[in-house]
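Fold and contact review
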Amino acid sequence: MSRIQQRRLHLGVFFTGVGPQTLWADPRSAPQMAIETFVDLARLLERGLFDAFFLGEGLRVRENRGRVHDLDVAGRPDAITQLAALAGATERIGLVATQNTTYNYPADLARRLAALDLLSDGRAGWNIVTTDNAWTGENFRHGGWLPHDRRYERATQFVEAAKALWAGWEPDWEPADEGRAKSWSRPGAIETVERGTDLVEFTATPTVPASRQGRPVLFQAGDSEGGRELAARHADVVFSAHTAVEPAAAYAADLRARLARHDRAPDSLRILPGASVVLGDTPAEAEEKAAWVRREQVTGPRALSYFEQYWGTDLSAYDPDGPLPDIEPTDAELDPSRGTISIERRTGKRALIDRWRQRAAAENLSIRELAIEVSSSRPPFVGTPGQVADVWARYVRERVVDGFNLLPYLVPQALTDVVERLVPELQDRGVYRTEYEGTTLREHLELGPA
Amino acid sequence: MTPSPRLSLAVELDGDGAHPAAWRHSGRPPGAVLGGAAVRAAVHGAEQAGFVLATFADSPVPPSSGLDAAGRLEAGTRAAFVATTTSRIGLAPTLQVATTEPFHLATQLAALDHATHGRGGWVVGTANDPAAAATIGATPLAPADLDRETRDVVDTARALWDSWEDDAVIKDVATGRYLDPDRVHHVDAVGARFTVRGPLITPRPPQGQLVVLADARLGLGGLADVSLVRADLAAADSPLRFVEVEVVLDAEEPAVDRLAALDADTVWEPSGALRHVGSADALVTLLRELAGVVDGVRFHPAVQAVDLPILADRVLPALAALRRSPGRTLRESLGLPRPVNRFAASVR
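Definitions and limits used
Residues numbered from 1 in each chain as written. Chains lettered and ligands numbered in written order. Predicted model: local features only at pLDDT ≥ 70, side-chain atom pairs only at ≥ 80, totals over all residues. Helix = DSSP H or I, 4+ residues; strand = E, 2+ residues; numbered from the N terminus. Rg over C-alpha atoms; globule rule 2.2 N^0.38 Å. Buried ≥ 20, exposed ≤ 12 C-beta atoms within 10 Å, placed from the backbone. Contact = placed C-beta atoms within 7 Å. Pairing = 2+ DSSP bridges. Core = buried A, V, L, I, M, F, W, Y, C linked by C-beta atoms within 7 Å. Nonpolar A, V, L, I, M, F, W, Y, C, P; charged D, E, K, R; others polar. UniProt positions renumbered as here; feature names shortened; annotations may be inferred. Domains from an automatic or database assignment. Axes fitted to C-alpha atoms, helices over the stretch in contact; angles between N-to-C directions. Parallel < 35°, antiparallel > 145°, perpendicular 65-115°, else oblique. Left-handed = near helix turned anticlockwise from the far one by under 90°. Expected span 1.5 Å × (residues − 1). pLDDT = per-residue confidence, 0-100. Right-handed = clockwise from strand over helix to strand, strands pointing away.

1. A few points about the overall build of chain A
Helix and strand content of chain A: 14 helices and 15 strands. Here chain A has a C-alpha radius of gyration of 23 Å; the compact-globule value for 450 residues is 22 Å, and the two agree. Each principal axis of the C-alpha distribution contributes one length, and for chain A these read about 80 × 55 × 45 Å. For chain A, the proportion of its 450 residues judged to be buried stands at 50%. In chain A, 75% of the contacts between residues at least 6 apart in sequence involve partners at least 24 apart.

What follows is the structure, encoded as structure tokens:
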């Protein structure tokens, strides 16, 4: 007898540890580096039956015009180390480390992820990211060694090598009678992995068997052609950028077509876009709170700092509540490498500044008001818990997404609201689990065996 | 007269024990060692016993290429796994200088120190044989190059741990500044084989600098906090000197018989460490003698399941007046001061 399984929503939290979205100045904001902040958060999410807790990665402290950027929360732990500590403090939640394939050694990273997977008893995940950023490379042995157009080639070979290392031990590697066995492991049960291309070169023998979930769950976040292909070939979950219905549906259709080309079943990949959610008791209160969040995120100094990157000069003498600077920007184009500017804005700043000036004049916007409009966006999900639950239930029933990776604006408060108020509404609608049925991250995601 | 406490007692907790055949005498399947429960049980046992430090041996290659253990969890993750379930014992994984990225290594150790509120240490690993080097697609470094690389990596890690001053995070709501950029520094470390710009992505570790433990033969001198010496009790010019002591203790069977049985499976080749094969009482006597000579001892129990409980029940209690008690941080436990930040000292 076949049974139609009710689609259910999967939730994760993406804790970036940097950037302007976190309201660090709010007295309710938990200390950024304290292990207790992370433990309390992971346990809160376990109470909310979340699939996963993610840590971001950034291998160089952000800078603005040659100085460490001082307005945003900054300073974070090594992701795998921190997640190993959380593995010891939690029971169920998946633990996902963002790690890039450019500035890591494949066998070293695969080994550390495998250790996290075993110590957590099958709850580890790897959010695969790439970079070609030579500025970040200044912290590493080989600097900016990887050409931009080969970064996904490296990533693909890296991931395939990691998978080979994770599969290096036969499932029946343990000798039948260990007491009198001739050797610790069954002879021939452990395979050495060799790679010898110009992008991935090593010989390594894996030092651990598979975990309860087979191997770490693979997440992929890139939205470029290379990123989508990597996801279609290897990812179990995509951490996508599309939250509006139409682009999200188009993205899902594109990915499923790619899956088919790689002989993968359409249900072998979960799509979890990053999203922020603002809840209120009434629709009006939620809207008001969302506007407050944006105002708090774009403080006066942040607004000036944001425009300084485009003007290329010190604007600290300007009043953020006054009009845009009347001086002309420097000729130099933007440097997107420093972690605070998106790569799409590598060129064309003059035209952009002209548009901003026209808009500020037309709408009578101050520096800060304009910055709120152009440097932040309205959170995609704003409403009462019931309203947001209705929207999310529709998303998941129509398979637009499989869930969300929440980006909290205030830790832990924004997530306490989700766990205590939104989760019960989702459960009432039958689109969210009422208990963990499994123990591994793969099971939480309702993915088949690796 | 009661002697003042002066001996720091550390224990190495890798695998089933220091003897290569320990796994045959542990009463559990080989794979049991590769999970969180085993790591937790060993470290919690050591903390209960009163050790000030647990170390975790490691290598990028399997611990044995023959009949013995082929499995091992990466040491940094093992140490971090027990960060929140322990509160007094120091945790020092072995991380490698030649087969890792210095920046990652420094970040991982800083994160361990934060997660433990200042109980992190680092045993400097110098794996450099062909198999180890091949894990990063390299060939072994010549001895002089390895020495240089070791100094460079330790020096770079230390510079990175100082790259954020203690008071760099200011959270000044009035000006909107989260940190003071004048107190977060590029380090511009220049090694023979690499450079690192910095700063670290992680704020300064609670201890300022993690406790660095290194084999005395590496000759790190003051770059290490603790030199690990062998039976020759070689001189070392780091602040502290610990002697490595392998132990096989009388249990249900006499220690000599236990060692013979273990060696019948795989011979425990001498490593140069002191090796005590005998009673707990005789070990206590040995340690009393060592107390005037070295600052600490790192035990290598032959079979963890057998020898660790005897150390806990018979040896450490007998040394109550002689051994140092765990403090809040590992530095405090060992009597090491919290280092001044090199950038704070030079700038102000």
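2. Thoughts on the overall build of chain B
Assigned secondary structure in chain B consists of ten helices and 13 strands. Computed over C-alpha atoms, the radius of gyration of chain B comes to 20 Å, within 12% of the 20 Å expected from 2.2 N^0.38 for 348 residues, which places it in the range of a compact globule. Along the first, second and third principal axes, the C-alpha set of chain B runs to 70 × 55 × 40 Å. Pairs at least 24 residues apart make up 74% of the contacts formed inside chain B by residues separated by at least 6 positions.

3. Concerning the sheet that holds strand β15 (residues 403–406) of chain A
An order of β11-β10-β9-β6-β5-β2-β1-β15-β12 (chain A) is seen for the nine strands of this open sheet, with the pairing classed as parallel. Each having just a single partner strand, β11 (270–271) and β12 (274–275) of chain A make up the two edges of the open sheet.

4. Some words on the nonpolar core
With 226 residues, the main nonpolar core has Phe53, Leu83, Leu116, Phe219 and Leu406 of chain A together with Leu213 and Val297 of chain B as its most contacted residues. Looking at which element gives the most residues to this core, the answer is helix α3 (residues 106–119) of chain A, with nine residues. Ignoring any residue separated from it by four or fewer positions in sequence, one finds valine 297 of chain B in contact with Leu7, Leu9, Ala10, Phe242, Val243, Val245, Leu287 and Leu290 of chain B. Formed by 13 residues, the second largest nonpolar core is a distinct cluster that contains Ala303, Tyr310, Tyr318 and Leu334 of chain A.

5. Points about the interface of chain B and chain A
Each partner contributes residues to the interface: chain B has 61 residues there, and chain A has 61 residues. Breaking the side of chain B that touches chain A down by element, the ones donating at least two residues are α1 (36–49), α2 (75–81), α3 (102–115), β5 (169–172) and β6 (177–179) of chain B. Here the side of chain B that touches chain A gets seven residues from one element, more than from any other, and that element is α3 of chain B. Within the side of chain B that touches chain A, the residues separate by chemical class into 34 nonpolar, 19 polar and eight charged.

6. What to know about unusual backbone geometry
With an omega of 5°, the peptide bond between valine 411 of chain A and proline 412 of chain A qualifies as cis. In this structure, proline 412 of chain A sits in the loop between β15 and α13 (413–428). Following glycine 198 of chain B, the chain continues into proline 199 of chain B via a peptide bond in cis, with omega recorded as -5°. Located in the positive-phi region is leucine 49 of chain A, a residue other than glycine, with phi close to 60°. Residue position: leucine 49 of chain A is located in the loop between α1 (35–47) and β2 (52–55). A positive phi angle is found at histidine 117 of chain B, which is not glycine, with a value near 55°. The class of histidine 117 of chain B is partly exposed, set by 17 C-beta atoms lying within 10 Å.

7. Here we look at the pairing of strand β1 (residues 10–15) of chain A
Residue and element names in this part refer to chain A. Counted residue by residue, β1 has six buried out of six residues, so it is predominantly covered. Burial of the side chains of β1 extends over both faces: His10, Gly12 and Phe14 are buried on one face and Leu11, Val13 and Phe15 on the other. Here β1 pairs with β15 via four bridges, running parallel. Pairing of valine 13 across the sheet is with leucine 406, part of β15. Relative to β2, β1 runs parallel, the two sharing four bridges. Opposite phenylalanine 14, over in β2, you have phenylalanine 54 as the bridge partner.

8. A closer look at the UniProt feature "binding site: FMN" (unreviewed entry) in chain A
Residue and element names in this part refer to chain A. If you check UniProt for "binding site: FMN" (unreviewed entry), the listed places come out as Thr98, His148, Tyr152 and Ser224 in our numbering. Threonine 98 has contacts with Phe54, Leu55, Gly56, Glu57, Ala79, Asn127 and Val129, leaving out every residue within four places of it along the chain. Along the chain, histidine 148 falls in the loop between α4 (134–137) and α5 (151–166).

9. A look at the environment of methionine 33 of chain A
Relative to the helices and strands, methionine 33 of chain A resides in the loop between β1 and α1. For the pair methionine 33 of chain A and alanine 290 of chain A, spaced 257 residues apart in the sequence, the C-alpha separation amounts to 26 Å. With sequence-adjacent residues up to four places away left out, methionine 33 of chain A is seen in contact with Gly75 of chain A together with His114 and Pro203 of chain B.

10. Quick word on the domain arrangement of chain A
Residues and elements named next belong to chain A. According to the domain assignment, chain A contains domain 1 (10–280 + 379–444) and domain 2 (299–375). The C-alpha-based centres of domain 1 and domain 2 are spaced at 33 Å. With eleven residues of domain 1 in contact, the opposing surface of domain 2 contributes nine residues. Split into classes, the residues belonging to the side of domain 1 that touches domain 2 amount to three nonpolar, four polar and four charged.

11. Observations regarding the packing of helix α12 (residues 385–397) of chain A against α13 of chain A
Residues and elements named next belong to chain A. Orientation of α12 relative to α13, taken along the N-to-C sense of each, is 45°, at an axis distance of 9 Å. The orientation of α12 relative to α13 falls into the category oblique. Note that α12 runs across α13; the crossing there is right-handed. Together, Pro385, Gly386, Val388, Ala389 and Trp392 of α12 and Arg421, Leu422, Glu425 and Leu426 of α13 make up the contact between the two elements.

12. Observations concerning the packing of α1 of chain B against helix α8 (residues 304–315) of chain B
Residues and elements named next belong to chain B. Packing of α1 against α8 brings their axes to within 9 Å, and their N-to-C directions diverge by 20°. When the interaxial angle is binned, α1 and α8 end up roughly parallel. Handedness of the crossing formed by α1 with α8: left-handed. Of the residues in α8, those in contact with Ala42, Gly45, Ala46, Gln48 and Ala49 of α1 are Gln304, Leu308, Leu311 and Ala312.

13. Things to note about α5 of chain A
Residue and element names in this part refer to chain A. For α5, built from 16 residues, the straight-helix expectation of 22 Å at 1.5 Å per residue is met to within 8% by its first-to-last C-alpha distance of 22 Å. Among the residues of α5, Arg151, Tyr152, Arg154, Ala155, Thr156, Phe158, Val159, Ala161, Ala162, Leu165 and Trp166 are the ones counted as buried. Summarising the contacts, the buried residues of α5 are in contact with α3, β6 (124–129), β7 (193–196), β8 (201–204), β9 (217–220) and α6 (225–234).

14. Some words on helix α10 (residues 349–363) of chain A
Between its first and last C-alpha, α10 of chain A extends 21 Å over 15 residues, near the 21 Å set by a 1.5 Å rise per residue. A positive phi of about 55° marks asparagine 364 of chain A, the residue just after α10 of chain A.

15. Section: the confidence of the model for chain B
Interpreting fine coordinate detail is not advised for predicted regions of low pLDDT. For chain B, per-residue confidence averages 96 on the pLDDT scale, and 97% of positions sit at 70 or higher. What the predictor reports for the complex is a pTM of 0.96 with an ipTM of 0.97.

16. Section: the pairing of strand β2 (residues 53–56) of chain B
All names here are of chain B. The side-chain alternation of β2 yields two buried faces, one formed by Leu53 and Thr55 and the other by Ala54 and Phe56. Inspection of the sheet shows strand β1 (residues 8–12) paired to β2 by three bridges, in the parallel sense. Residue pairing in the sheet places valine 11 in a bridge with alanine 54 of β2. In this fold, β1 hands off to α1, which returns the chain to β2; that crossover is right-handed. The pairing of β2 with strand β3 (residues 90–96) spans four bridges and is parallel. Residue pairing in the sheet places leucine 53 in a bridge with glycine 90 of β3. Considered for its hand, the β-α-β crossover made up of β2, α2 and β3 is right-handed.

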